[in-house]
2 protein chains.
Amino acid sequence: MLTGHRTWMFDNKPKIISTGTTGGPFEAKGMLADDFDFLHSDLWIEEDSYEKAHKVLLEEACERAIEKAELTKENIQFFFAGDLINQITPTSFAAETLGAPYFGLFGACSTSMEGLALAAYIVNTKGANHILTGASSHNTAVQKQFRYPNEYGDQKPPTSQWTVTGAGVGVVSDKGDGPAVTSATIGRIVNMGMTDANNMGGAMAPAAVDTIETHLKERNVDPSYYDLIVTGDLGHIGRKVSLDLFTKHGISIPEDMYQDCGLMIYREGQPVLAGASGTACSAVVTYGHLINRIKAGELNRILVVATGSLHSPLSVQQNETIPCIAHAVSIENAKAGE
Amino acid sequence: MLTGHRTWMFDNKPKIISTGTTGGPFEAKGMLADDFDFLHSDLWIEEDSYEKAHKVLLEEACERAIEKAELTKENIQFFFAGDLINQITPTSFAAETLGAPYFGLFGACSTSMEGLALAAYIVNTKGANHILTGASSHNTAVQKQFRYPNEYGDQKPPTSQWTVTGAGVGVVSDKGDGPAVTSATIGRIVNMGMTDANNMGGAMAPAAVDTIETHLKERNVDPSYYDLIVTGDLGHIGRKVSLDLFTKHGISIPEDMYQDCGLMIYREGQPVLAGASGTACSAVVTYGHLINRIKAGELNRILVVATGSLHSPLSVQQNETIPCIAHAVSIENAKAGE
């Protein structure tokens, strides 16, 4: 297996043989509603706390993915996942339900691709036959913890983003059919000294550009190698910042093949200000919409760059700047390269 | 590479070529003071918050390990680490200082071996030459977040444990000298329905036994293969529970070759109640004391079983039971098997 300093190439082409995606009522009104396996009409999902509802979203996505792969829980050799809640309890409780050996991850909104990179690496090197990986978030649980409970009705600045309620997971396997995971470039912390936790897109954009630039260089491909390069949750502001940085760094990426999951999931008119965010954002868009488009032959090669803002409410209160990260994973139509 | 369902064998014998360990004033009075690289006389470490002091402990351990390996930061291909603080900010800020591509982990007190298992796996399969991995905690920062600030003087029950202040890291490399990482068994969630966050040792013991039993079976060795099997932070109560469970499951492990990091680090008379705990506990004991004993030829083969209690203050307030996990990694004198 070739490795650049930060890039792994997966020559054995581990496949995403199935996916599971769940969402809430707000996602049901969004642009990508048809790409979800389940959509709940109520944020509580018949549970008595938002954190339990959060856990159920992930459990359902896992169940659905395993079922679609025609596997059982016992076939899942490892589970790589995480979320935004303190001590990632929704993920750990879902891991209990799943019963599989479990690696808890914390990468904030970069978790989806942190998990997929590790899962693909391990399957590629024959350390497992089937790995389940993914990420989840719940708008109300996250708002309560990071900002204010939504019930308080606090006003949000136009730079703020809307946390996705949902879960997206995939089964990565050494055999079977599905899009192949072909490479991964691991992010390092980029911190431009920003302190505004209501402008995470702006804070994360330089990390996304750093990882994309590194990926293109270490994989030795032009941006045009991909049909789509998609960031996790930069939103309007972060996307603009990243386009400016590409120009500055002499990287030519046509605007229409550079998109952001945070700008794809909701409809114009939904009150999401600068766009969507949350650990689930890139997870549900990738494991739902994007994989569906690859399977439909509409996309052949994509690079998913999940971006994470690694602050905490406490670090913001203590006036720390925001450390950001982005992990990139390429997913390709298994037949494309043959 | 052989794999049992949960066990990886590392046939290329990745080596721990150097380690770095730091601690605070309480650790300086403990049994293993001589095994630390740095010991601070003050919990604040000249910082203005306990979280920043926490970050400095990890930064210093990383610096020391890199220096002892005669490497530079630029040689570190990946950094796998985590801690107990919400959104693991001390680790992410230290990752910024380090500058290496970074995988954030959350495994509570099991993080040390979660990271070592992944680092050894990746080096073993030639995905990197040098990986830095480890874990850290800070007594006062953790108490403030999980329980009460120490300054409140709350009374603790005799089952409670003392969070270690410190950081322990290792450089895992494909070349060079040092103890070899020979196998890893990944934990799954074990939840016996306990709800008392002041008795984590008791809650975690069944997870430790599950992982040890699986390890011995999948690696097909007797407990006597090891000179020492050491759990992360079960303390007096958890150790007793696990010994009872071994008897019940028909596993014969002599008491003197079964120890617990949480009972090794402090002296009798230090007011730690049931023992030590914290993400740093197994990390500093392993990367300090145990690796030193292997290098000195006093131990040839050890199995480190880091135990984690994956609750949060919120999950406890919501009356959830405590999901626990344990990851086991074997470390062997590189010459022992030759």
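A quick note: this is a predicted structure, and the numbers were derived from the prediction, not measured.

J.: What exactly am I supposed to notice about the relation of the copies chain B and chain A here?
T.: Mapping chain B onto chain A is achieved by rotating through 180° and translating by 0.0 Å along the same axis, at an RMSD of 0.0 Å. Expressed as an axis order, the relation between the two copies is that of a two-fold axis. Looking at the rotation axis and the C-alpha trace of chain B, the residue lying nearest is L105 of chain B, at 2.2 Å. Residue by residue, 100% of the interface of chain B is reproduced at the interface of chain A, so both copies engage with the same surface.

J.: Where do I start with the pattern of salt bridges in this structure?
T.: Should the charged atoms of two oppositely charged side chains come close, the side chains can pair. Evaluated as defined, the whole model comprises 30 salt bridges over all chains. Among the salt bridges present, the one from E332 of chain A reaches R301 of chain A, with a minimum N-O distance of 3.5 Å. One end of the pair, E332 of chain A, is in strand β14 (residues 324-332); the other, R301 of chain A, is in strand β13 (residues 301-309), with 31 residues separating them in the sequence. Between D210 of chain B and R6 of chain B there is a salt bridge, with its nearest N and O atoms 3.1 Å apart. Taken together, the residues D210 of chain B in helix α6 (residues 200-219) and R6 of chain B in the segment before β1 (7-9) connect sequence positions 204 residues apart. Several salt bridges converge on common partners, so that one network encompasses R6, R188 and D210 of chain A.

J.: What's the story with the packing of α6 of chain B against helix α7 (residues 235-248) of chain B in this structure? I'm lost.
T.: How two helices pack is summed up by the angle between their axes together with the distance between the axes. Residue and element names in this part refer to chain B. At their nearest, the axes of α6 and α7 sit 8 Å apart, and the two run at 40° to each other. Judged by the inter-axis angle, α6 sits oblique to α7. Considering the relative orientation of α6 and α7, their crossing is right-handed. Between α6, through G201, G202, A205, P206, V209 and I212, and α7, the contact on the second element is made entirely by I237, G238, V241, S242, L245 and F246. Class assignment of the residues belonging to the contact of α6 with α7 gives a composition of 8 nonpolar, 4 polar and no charged.

J.: It is not clear to me how the domain arrangement of chain A should be interpreted in this structure. Could you clarify?
T.: The accessible area lost on association of the parts is a frequent measure of interface size. Residue and element names in this part refer to chain A. Looking at chain A, the domain boundaries give domain 1 (7-173) and domain 2 (180-332). Distance between the C-alpha centres of domain 1 and domain 2: 17 Å. Carbon and sulfur atoms supply 64% of the area buried between domain 1 and domain 2, which totals about 4700 Å² over both sides. Where domain 1 touches domain 2, the interface holds 0 salt bridges. Going through the elements one at a time, β1 (7-9), β2 (15-23), α1 (25-28), α4 (111-124), β6 (130-137), α5 (139-146), β7 (162-163) and β8 (166-173) are the ones with two or more residues in the side of domain 1 that touches domain 2. When residues of the side of domain 1 that touches domain 2 are assigned to their parent elements, the largest contribution, 7 residues, is made by α4.

Rules used throughout
Residues numbered from 1 in each chain as written. Chains lettered and ligands numbered in written order. Predicted model: local features only at pLDDT ≥ 70, side-chain atom pairs only at ≥ 80, totals over all residues. Heavy atoms only, no water. Least-squares fit on C-alpha atoms with pLDDT ≥ 70 in both. Contact = heavy atoms within 4.5 Å. Salt bridge = Lys/Arg side-chain N within 4 Å of Asp/Glu carboxyl O. Helix = DSSP H or I, 4+ residues; strand = E, 2+ residues; numbered from the N terminus. Axes fitted to C-alpha atoms, helices over the stretch in contact; angles between N-to-C directions. Parallel < 35°, antiparallel > 145°, perpendicular 65-115°, else oblique. Left-handed = near helix turned anticlockwise from the far one by under 90°. Nonpolar A, V, L, I, M, F, W, Y, C, P; charged D, E, K, R; others polar. Domains from an automatic or database assignment. Buried area = accessible area lost by both parts, 1.4 Å probe.

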